[in-house]
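Here is what each chain is made of, one letter per residue.
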There are 4 protein chains.
Amino acid sequence: MSDNTKTVSLSTIASQSKQIPSAIDTATLLIKCKDQAGIVQAVSEFIHRYGANIITLDQYSTAHEGGQYFMRLEFALAGLSDIIENFEASFAHTVAKRHDMDWRLHNNATKTKVGILVSKFDHALLDLLWRHQRGLLDCEITCVVSNHPDLKQAVQNFGITFHHVPVTKDNKAEAEEQIHKLMAGNDLLVLARYMQILSSDFVKRWPMQIINIHHSFLPAFVGADPYRQAYDKGVKLIGATAHYVTAELDQGPIIEQDVHRVTHRQGVTELRAIGRDIERNVLARAVNWHVQNRVIVAGNKTVVFN
Amino acid sequence: MSDNTKTVSLSTIASQSKQIPSAIDTATLLIKCKDQAGIVQAVSEFIHRYGANIITLDQYSTAHEGGQYFMRLEFALAGLSDIIENFEASFAHTVAKRHDMDWRLHNNATKTKVGILVSKFDHALLDLLWRHQRGLLDCEITCVVSNHPDLKQAVQNFGITFHHVPVTKDNKAEAEEQIHKLMAGNDLLVLARYMQILSSDFVKRWPMQIINIHHSFLPAFVGADPYRQAYDKGVKLIGATAHYVTAELDQGPIIEQDVHRVTHRQGVTELRAIGRDIERNVLARAVNWHVQNRVIVAGNKTVVFN
Amino acid sequence: MSDNTKTVSLSTIASQSKQIPSAIDTATLLIKCKDQAGIVQAVSEFIHRYGANIITLDQYSTAHEGGQYFMRLEFALAGLSDIIENFEASFAHTVAKRHDMDWRLHNNATKTKVGILVSKFDHALLDLLWRHQRGLLDCEITCVVSNHPDLKQAVQNFGITFHHVPVTKDNKAEAEEQIHKLMAGNDLLVLARYMQILSSDFVKRWPMQIINIHHSFLPAFVGADPYRQAYDKGVKLIGATAHYVTAELDQGPIIEQDVHRVTHRQGVTELRAIGRDIERNVLARAVNWHVQNRVIVAGNKTVVFN
Amino acid sequence: MSDNTKTVSLSTIASQSKQIPSAIDTATLLIKCKDQAGIVQAVSEFIHRYGANIITLDQYSTAHEGGQYFMRLEFALAGLSDIIENFEASFAHTVAKRHDMDWRLHNNATKTKVGILVSKFDHALLDLLWRHQRGLLDCEITCVVSNHPDLKQAVQNFGITFHHVPVTKDNKAEAEEQIHKLMAGNDLLVLARYMQILSSDFVKRWPMQIINIHHSFLPAFVGADPYRQAYDKGVKLIGATAHYVTAELDQGPIIEQDVHRVTHRQGVTELRAIGRDIERNVLARAVNWHVQNRVIVAGNKTVVFN
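Residue positions within a chain follow its written sequence, with the count starting from 1. For this description, chains carry letters from A and ligands carry numbers from 1, given in the order in which they are written. It should be noted that, the model being predicted, local features are given only for residues of pLDDT at least 70 and side-chain atom pairs only at 80 or more, the latter also being counted only at that level, while totals for whole chains, interfaces and linings use all residues. The basis for the side-chain values is all heavy atoms of the structure; hydrogens and waters are excluded.

- Per an unreviewed UniProt entry, chain A goes by the name Formyltetrahydrofolate deformylase and belongs to Psychrobacter nivimaris.
- Word for word, the UniProt comment on chain A under Catalytic activity (unreviewed entry) is "(6R)-10-formyltetrahydrofolate + H2O = (6S)-5,6,7,8-tetrahydrofolate + formate + H(+)".
- UniProt positions are given in the numbering used here, feature names are shortened, and annotations may be inferred rather than shown by experiment. What the UniProt record of chain A gives under Pathway (unreviewed entry) is the line "Purine metabolism; IMP biosynthesis via de novo pathway; formate from 10-formyl-5,6,7,8-tetrahydrofolate: step 1/1."

Written as C-alpha cells, this is what we have:
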C-alpha cells in the first residue's frame with residue numbers, strides 16, 4: 001500500500017484504531033457515475049492511502065434500472081486543510097478519471113453560505129433563522145432579501161443583514177440583477193415563501209442552487225393558492241414540498257415532502273395554518289440536508305443520503 | 001310534546017334512562033341542506049317524539065363558506081322496523097320539507113348489498129373478502145365479477161359467487177350490460193383494482209354508488225401506471241385514494257387517502273408492493289365508512305363522519 | 001315556544017335563516033353527564049328558546065362502555081354578553097339540574113388567560129409566543145415565569161412580562177408561592193419545558209389547569225432524559241405528549257401526542273433535535289384546543305372535540 | 001492484486017463493467033465489530049480480489065457513542081456456490097480475524113427456513129402466508145404450529161403443513177419439546193399472535209431466531225390485553241411492535257414499530273381492529289427484513305439496513 005508517493009501521513013496509515021480528528025479535519029465526497037465494478041474498492045483504497053479514515057459511507061446503485069451509481073463518503077484526515085488541493089487533484093487524475101466520475105469534495109470546515117429570500121409570510125424564514133442561531137442549521141446565513149420592508153426588524157434582531165428590494169411589474173429585470181449582486185458569493189439561495197417568480201435567466205445562473213418551499217404536496221396543486229385548490233379538491237391530506245428551482249415553475253427535483261391529515265372540518269384558513277407548520281419543517285430538513293452535502297441530483301430527482 | 005299522534009312508544013318517552021335496543025332497532029339518518037337556524041332542535045324533537053334515543057350525532061356547517069349543513073344521526077327505537085315507513089313519511093312531510101332537506105334514512109338491520117369488480121391483482125379484493133368473512137365489513141357481499149377467470153377459486157373459497165365477464169375492444173357495451181344485470185340489486189359497486197374503464201353511460205346508472213381505489217395520491221398521477229409516474233417524478237411519499245366514480249376518470253369525490261414514505265432506494269417494483277398495502281387499507285376504510293352510512297357527498301367532495 | 005319570558009330576541013326566533021352574530025356574541029357550552037335519553041333535544045330546545053343559533057355541535061356517548069355523555073356546543077346570540085348570567089342561571093336550574101350535568105359555559109369574547117413557565121430550552125415557548133403574536137393562539141398570554149434569567153430579552157421582545165423566579169433545593173416552597181401569586185388570575189398554566197417538578201400542593205391549586213409537554217410518547221419513558229431512554233431502548237419512533245399535570249409525575253390526562261420515525265442513525269443528540277420539533281407542534285395544538293374549550297376531562301383521559 | 005492464490009475468476013477481475021449474475025450467484029455479508037480504520041478498504045479489496053461485484057453496501061458506525069461498526073454488503077459472483085466455502089474460510093482467516101469481526105455470510109440462493117406459531121387470531125398469519133404465496137416474502141415457510149385446531153384448513157389451503165400442539169397448564173414442557181422438534185431445521189420462528197408464553201429454556205435454544213408481534217407500541221403496555229391498557233390510558237396513538245424474543249417477556253430488540261391515530265371515539269373493540277392492521281404490516285416488514293439479512297442485533301437494539 002505504501003508504494004504510493006501521495007501518502008502524507010504514514011503514522012496514520014500504520015495505526016489500527018480510529019484517531020480523533022483535530023479541529024474539523026473532515027470532508028465530504030459526493031460521487032455520481034455510471035455503475036461499474038470496483039468503485040468502492042478504488043475509492044476506499046484511495047482514501048486509505050492518504051491515511052484518512054472513513055466516518056460514513058452511503059451508496060446506491062440503480063444497476064437494474066439504468067446503471068447509475070451514487071456515493072456519499074465522509075472521511076477524517078488530520079491536517080486535511082493543508083493538503084486538500086493535492087488530494088482533489090490526485091483524485092481527479094486517478095479514480096475519478098478512470099471511472100468517469102461526476103464528483104465534488106467539500107471541506108467540512110467551510111460552511112455553505114446561504115442567502116434567503118422572503119416576502120411577507122415569515123414562518124419559514126424565522127424557523128430557519130432560529131435554528132441557525134442555535135447551531136441547528138450547519139451553514140452561514142449571509143443575508144435576507146425581501147420585496148417588502150416588513151421583516152427588517154425581525155431579521156436584524158438575529159444579527160443578520162436585511163435588504164429590501166421592491167419588485168414591480170416594470171422593474172423586474174433590475175430587481176433580479178440587484179438580487180443577484182446581493183447574493184454574490186453565496187452557495188445556496190433559499191426561497192422561504194418568496195412570492196415573486198424568478199425568471200429563467202436568473203435561475204440559470206444558480207443551477208441547483210435555489211431551494212424553494214412550495215405549499216402543496218407536488219405534483220398536486222402547482223402554481224397559485226394551492227391550499228384553496230386543495231380545499232376545493234377535497235383531499236384528505238395536505239402537504240408541502242421543498243425542491244430545487246428550475247426554469248419550469250414548481251417542477252424542479254424534489255428534496256423533501258410531508259403531509260398532514262385534514263377533514264371537511266378544516267376550511268381554507270385552517271388548511272393554511274396547518275400547512276405553515278409542514279412548510280417550515282420540510283424546508284428546514286431540505287436546507288439542512290443540502291448544506292450537509294447529503295443531496296445528489298439525478299435527472300429531475302434527488303438521492304438523499306440522510 | 002305528546003300532541004303528536006305519531007308517537008308510538010310512550011313508555012320510552014317517559015323513561016329517564018337509555019334502553020338497550022332489542023334486536024337491531026337502530027337507524028341512521030343523513031341530512032344535507034342549506035344552513036339555517038333550528039335544525040338540531042327540529043330533528044332532535046322529532047326523534048324524541050317517536051320515543052327514539054339518539055345514539056350518535058355528528059354535524060358540520062359551512063355557514064361562513066357557502067352555507068351548507070350536514071348531519072349524521074343514529075338513533076334507537078324498539079320496534080323500529082314496524083313503523084319505519086310511517087317515520088319516514090312523517091319526517092318527509094314535516095322537518096324535511098320545512099327545512100328543504102336532502103336526506104336518507106337507513107334501517108341498520110338492512111345491510112348494504114355490495115358487488116365487487118376485480119381484474120387480476122387480488123390484494124384489495126382478498127382483503128375485503130377476508131374482513132367481510134370475519135364480520136369486520138358491515139355489509140353483504142353478493143358477488144364478484146372479473147374480466148379474468150384467475151380469481152374464481154379464491155373467491156369461491158369464501159363462499160361467494162364469481163362471474164367471469166371477459167372484456168375486449170369489441171364487446172365493451174355488451175360486457176357492461178351483462179355486468180349491470182349481474183349487479184342488479186346491489187347498493188354499492190367496489191372496483192378493487194378493476195382495470196377496465198367503465199363508460200360514462202354505465203357510471204350514470206350508478207351515481208355515487210361506485211367506489212374505486214386508485215393507486216396514487218390524487219390528484220397526482222391520474223391515469224395509467226401511477227407508480228411509474230411517481231417513480232419518475234421522484235416523490236418522497238406515495239399513496240392511494242378511494243373515491244366515488246364519476247364520468248371523469250379518477251376525478252370523483254375523494255373518500256379516503258393515505259401515503260407512505262419512500263426514498264431513492266425503492267424502484268418501481270417496490271413502490272408497487274408498498275402501494276398495494278396502502279391500497280387495501282384505504283379501500284377497506286372507505287367501503288366500511290360508506291356501508292356504515294358515514295359519507296355524505298357535497299359537490300365533488302365528501303364529508304365523512306367517522 | 002314563546003311562553004318563555006327569558007326570550008330576548010323574538011326577531012331572531014322568527015327568522016328562518018342564520019344571522020351573522022354582531023361582535024363576538026358566541027359562547028361555548030361543555031357538558032358531561034350520565035348518558036340518558038333526551039339530552040340533545042333538551043339542550044337544543046333551550047338554545048332555541050333564547051333565540052340562539054347552534055354553530056357547531058359535537059357529542060360523544062359511551063353508552064355501551066359505562067354510560068357517560070359529552071357534548072360541546074357553540075352557539076351565537078346577539079347581545080349575549082348582556083344576558084349571559086341569566087342564561088347560565090336558567091340552564092343551571094332547568095336542563096342541567098334535570099339531567100344532573102357537569103357543565104361550563106364560556107363567553108367566547110372573553111379570552112382564556114395563560115401564564116407560561118419555562119426553564120432554558122426555549123423552542124416550545126418561542127413557538128407559543130410567535131403563534132400568539134400572529135393571532136394563531138386564541139388566548140391572552142399574561143406572563144412568562146422562568147427559573148433562569150436567560151430568556152428575559154427574548155420574551156420581552158414579544159411585549160410580554162417576564163419574571164425570574166430562581167428555584168434551589170432550599171427555597172422550593174417559597175418559589176412555588178411566588179409563582180402562584182404571579183400566576184393569579186390566569187385560567188391556564190403552560191409548562192413549556194419547565195424542568196422543575198411542581199409539588200402536589202401546587203398542582204392541587206390548579207386542577208386540570210396546567211398543561212405540560214413531556215418529551216416522550218407516554219406512557220413510555222416517564223421521568224428524566226426520555227430521549228436517552230428511547231435511544232437505549234432502540235425504539236423506531238420517538239414522540240412527545242401534552243397532558244394535564246396531576247399529582248403524579250407525567251401521569252395526567254393526555255391531550256395530544258405525536259411521533260416521528262427514527263433509525264439507528266440518529267444518536268441521542270439528533271433524537272433531541274427531532275423531538276423538539278414534535279414537542280412544539282404537540283404543545284401548540286394542545287394549548288389551542290384547551291383555550292378553544294375543545295377538551296373535556298373524563299377520568300384520566302380526555303375527550304377532544306377538534 | 002492477483003498475488004492472492006485464492007482468486008478464482010480472473011476473467012471477472014479483468015472486467016470493467018458489471019456483469020449480470022448467472023442464476024442467483026449473490027450473497028449477503030453482515031459484519032459487526034469495533035470501529036476501526038480501514039474496514040471498508042479491507043472488505044472491498046477482499047471482494048474485488050475474488051472478482052465479485054458489490055451490489056449494495058450499507059454501513060453505520062457509532063464511533064462517537066461507543067465505537068461499534070456495522071456493515072451489510074451484497075455482492076455478485078458468477079459460480080459463487082462452488083467456491084463459497086473457500087470464500088468464507090479465506091475471509092475468516094484474513095479480514096475477519098485481523099479486524100476481530102463478528103460476521104455471517106448468506107448465500108442468497110438459499111432461502112431462510114421459517115416456521116410460524118399461531119393461536120386463534122389469524123390476521124397476521126394469513127397476511128404472511130398470502131405474501132409468501134405471491135413471492136413477496138423471500139423465504140421458505142416450512143410449517144405452521146398452533147395450540148388450537150381452528151386454522152388447519154386455512155393453512156392447508158396454502159399448501160403448507162399444519163401441526164396442532166395443544167398446550168395446557170400441565171403439559172407445557174412436553175408441548176415445547178414437541179414444538180422444538182417440529183421446528184428443527186428452521187432458521188427463524190415467527191410468533192404471529194401466538195398467545196402462549198415460551199419458556200426461557202425454549203427461547204435460549206433459538207437466540208435471536210424468534211420474532212414476535214406484540215400488539216402495542218413498546219415499551220408501553222407490555223403483557224396482556226394491551227389494547228385495553230391503551231384504552232384506559234387514553235393514548236392518542238396505538239401501535240404494534242415486532243421484536244426478537246428473549247428470556248424477558250416483550251423486552252427483546254425491537255425490529256419495527258408503527259402507530260395509528262385514535263380518538264375517544266374508538267372503544268376497545270375498535271382499537272383491536274385498527275391494531276390488527278398495524279400488526280400484520282409491521283410483522284410482515286420485520287420478517288421480510290430478517291430473511292433478507294437486513295437486521296443486525298446490537299445489544300438490545302437493532303440496526304436495520306432497509
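### Details of the overall build of chain A
Part 1 of the reasoning: Under the scheme used here, helices are H or I runs from DSSP no shorter than 4 residues and strands are E runs no shorter than 2 residues, and both carry numbers assigned from the N terminus. Scanning chain A from terminus to terminus reveals nine helices and 13 strands.
Part 2 of the reasoning: Seen through its C-alpha atoms, chain A measures out along the principal axes to roughly 70 × 45 × 35 Å.
Part 3 of the reasoning: The cut-offs for exposure are 20% and 50% of the maximum accessible area for each residue type, with area from a 1.4 Å probe on protein chains only; residues under the lower value are buried, those over the upper are exposed, and the others partly exposed. Counting all 306 residues of chain A, 58% fall into the buried class.
Part 4 of the reasoning: By the convention used here, residues are in contact when the closest approach between their heavy atoms is within 4.5 Å. Taking the intrachain contacts of chain A between residues at least 6 apart in sequence as the baseline, contacts between residues at least 24 apart amount to 66%.
Part 5 of the reasoning: Each accessible area is a Shrake-Rupley estimate made with a 1.4 Å probe; only the visible protein chains count as cover when residues are assessed. When the accessible surface of chain A is totalled, it reaches about 12,400 Å², and 50% of it is carbon and sulfur.
Part 6 of the reasoning: Here chain A contributes 32 positively and 32 negatively charged side chains, and the mean placements of these two sets differ by 4 Å. His is not counted, nor are the chain ends, whereas Lys and Arg count as positive and Asp and Glu as negative. For charged residues, the charge sits on one atom: NZ in Lys, CZ in Arg, CG in Asp, CD in Glu.

### Some remarks on the pattern of salt bridges
Part 1 of the reasoning: Each reported salt bridge corresponds to a side-chain nitrogen of Lys or Arg within 4 Å of a carboxyl oxygen of Asp or Glu. One pass over the structure, following the stated rule, counts 75 salt bridges over all chains.
Part 2 of the reasoning: Between B:Glu74 and B:Arg72 there is a salt bridge; the shortest N-O distance is 3.2 Å.
Part 3 of the reasoning: Connected through salt bridges with shared partners, the residues A:Asp127, A:Arg131, A:Asp277, A:Arg280, C:Asp127, C:Arg131, C:Asp277 and C:Arg280 form a single ionic network.

### What about the interface of chain D and chain A?
Part 1 of the reasoning: Listed as interface residues are 20 residues of chain D and, on the opposing side, 20 residues of chain A.
Part 2 of the reasoning: Applying the counting criterion to the chain D and chain A interface returns zero salt bridges.
Part 3 of the reasoning: Whenever two N or O atoms come within 3.5 Å, that pair is a polar contact, provided that in protein one can donate a hydrogen and the other can accept it, and provided that, for residues adjacent in sequence, both atoms are side-chain atoms. In this assembly, chain D and chain A are joined by one residue pair in polar contact (both at pLDDT 80 or more).
Part 4 of the reasoning: Counting residues per element, the ones that place at least two in the side of chain D that touches chain A are helix 2 (39–49) and strand 2 (53–61) of chain D.
Part 5 of the reasoning: A per-element tally of the side of chain D that touches chain A places strand 2 of chain D first, with seven residues.

### So, the interface of chain B and chain A
One widely used convention gives an interface's size as the accessible area the parts lose upon coming together.
Part 1 of the reasoning: Counting residues at the interface gives 35 residues for chain B, matched by 35 residues for chain A.
Part 2 of the reasoning: When two components associate, each loses some accessible surface as probed by a 1.4 Å sphere; the sum of these losses over both components is called the buried area. Both sides together, the interface formed by chain B and chain A hides about 3,100 Å², and carbon and sulfur atoms give 53% of it.
Part 3 of the reasoning: Counting the surface chain B buries against chain A, the share from its top three residues, B:Lys233, B:Lys236 and B:His264, is 22%.
Part 4 of the reasoning: For the interface between chain B and chain A, the tally reads four salt bridges.
Part 5 of the reasoning: Residue B:Asp258 is joined to A:Arg261 by a salt bridge in which the shortest nitrogen-to-oxygen separation is 3.6 Å.

### A look at empty space enclosed by the protein
Part 1 of the reasoning: Here a cavity is any set of points on a 1 Å grid over the protein atoms alone where a 1.4 Å probe fits but cannot get out, and a pocket is any open set with protein on both sides within 12 Å along at least 5 of 7 lines; a residue lines the site when it has an atom within 4 Å of a point. Grid points are joined across faces, edges and corners, and a volume is the space filled by probe spheres set on the points. One pass over the full model with this rule turns up 14 cavities of 30 Å³ or more.
Part 2 of the reasoning: Taken as a whole, the largest cavity holds about 130 Å³ of empty space.
Part 3 of the reasoning: Lining the largest cavity are 18 residues, and of these A:Ile54, D:Gln36, D:Gly38, D:Ile39 and D:Val40 sit closest to its centre.
Part 4 of the reasoning: Only helix 2 (39–49) and strand 2 (53–61) of chain A together with helix 2 and strand 2 of chain D provide two or more residues apiece to the lining of the largest cavity.
Part 5 of the reasoning: Think of it as three bins: nonpolar holds Ala, Val, Leu, Ile, Met, Phe, Trp, Tyr, Cys and Pro, charged holds Asp, Glu, Lys and Arg, and polar takes everything else, Gly as well. Looking at side-chain class alone, the lining of the largest cavity contains eight nonpolar, eight polar and two charged residues.

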